[in-house]
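Listed below, chain by chain, are the residues.
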Amino acid sequence: KDILEGKPEEIMELYENIKERIDSEFNDVTIAPTKYYIAFKTNNKIIMCLQPQVNKINSWINLKENILYDPEKRSRDVTNIGHQGIGNYEFRIESDEDIFYFISLFKQAYDEKLK
């Protein structure tokens, strides 16, 4: 079953906007949908996972503890909390305004996976 199936149009548009930004800035990222989340990878390593909800998209940024630079403190450390995706930092994307900041967090994990 497609994880995007039955989601509201606003969430579908938000997901497409995120995907377009990543596609335009990072040309070697692949998308791998699973039953519970959509993984974005480079070098066969997961950068982050997205999980569309009814009114937001949860993301998990795959960086080890205390590595993410998040000056606005908008992400949440979920290292010791159960969650669906792969990554220690949860970031909620609720509108297009969140995408710009999210991309700055995504880029950190992307750069780390290229090392």
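The rules we used
Residues numbered from 1 in each chain as written. Predicted model: local features only at pLDDT ≥ 70, side-chain atom pairs only at ≥ 80, totals over all residues. Heavy atoms only, no water. Helix = DSSP H or I, 4+ residues; strand = E, 2+ residues; numbered from the N terminus. Rg over C-alpha atoms; globule rule 2.2 N^0.38 Å. Buried < 20%, exposed > 50% of the residue type's maximum accessible area, 1.4 Å probe, protein only. Contact = heavy atoms within 4.5 Å. Areas by Shrake-Rupley, 256 points an atom, 1.4 Å probe, with all protein chains shown as cover. Lys, Arg positive; Asp, Glu negative; His and termini not counted. Charge placed at Lys NZ, Arg CZ, Asp CG, Glu CD. Salt bridge = Lys/Arg side-chain N within 4 Å of Asp/Glu carboxyl O. Polar contact = N/O pair within 3.5 Å; in protein donor to acceptor, adjacent residues only side chain to side chain.

(A) Inspection of the overall build of the chain at higher detail. Regarding its fold elements, the chain presents two helices and six strands. Of the regular secondary structure in the chain, the N- to C-terminal order runs α-β-β-β-β-β-β-α. Against the globule reference of 13 Å for 115 residues, the chain gives a C-alpha radius of gyration of 13 Å, in line with a compact fold. Once the C-alpha set of the chain is aligned to its principal axes, its extents read approximately 35 × 30 × 25 Å. Within the span of the chain, comprising 115 residues, buried residues form 43% of the whole. Contacts in the chain between residues far apart in sequence, at least 24 positions, make up 60% of those at least 6 positions apart. Counting only carbon and sulfur atoms, one obtains 46% of the accessible surface of the chain, whose full area is about 6700 Å². Positive and negative side-chain charges of the chain, numbering 16 and 21 respectively, have mean locations separated by a distance of 8 Å.

(B) Main features of the pattern of salt bridges. Throughout the structure, instances matching the rule amount to eight salt bridges. Among the ionic pairs, Arg-74 bridges to Glu-72, the shortest N-O distance being 3.4 Å. Overall, Arg-74 belongs to the partly exposed group, its relative accessible area being 32%. For Glu-90, the salt bridge is made with Arg-92, and the minimal N-O distance between the two is 3.8 Å. Of the residues examined, Arg-92 reaches a relative accessible area of 41% and is grouped as partly exposed. One salt-bridge network, held together by shared partners, links Glu-72, Arg-74 and Asp-98.

(C) Representation of the side chain of Ser-59 in the model. Its place among the elements puts Ser-59 in strand S4 (residues 57-61). Only 2.8 Å separates the side chain of Ser-59 from the backbone oxygen of Phe-91, close enough to count as a polar contact. Not counting chain neighbours up to four residues away, the residues in contact with Ser-59 comprise Met-48, Cys-49, Leu-50, Tyr-89, Glu-90, Phe-91, Ile-93 and Phe-102.

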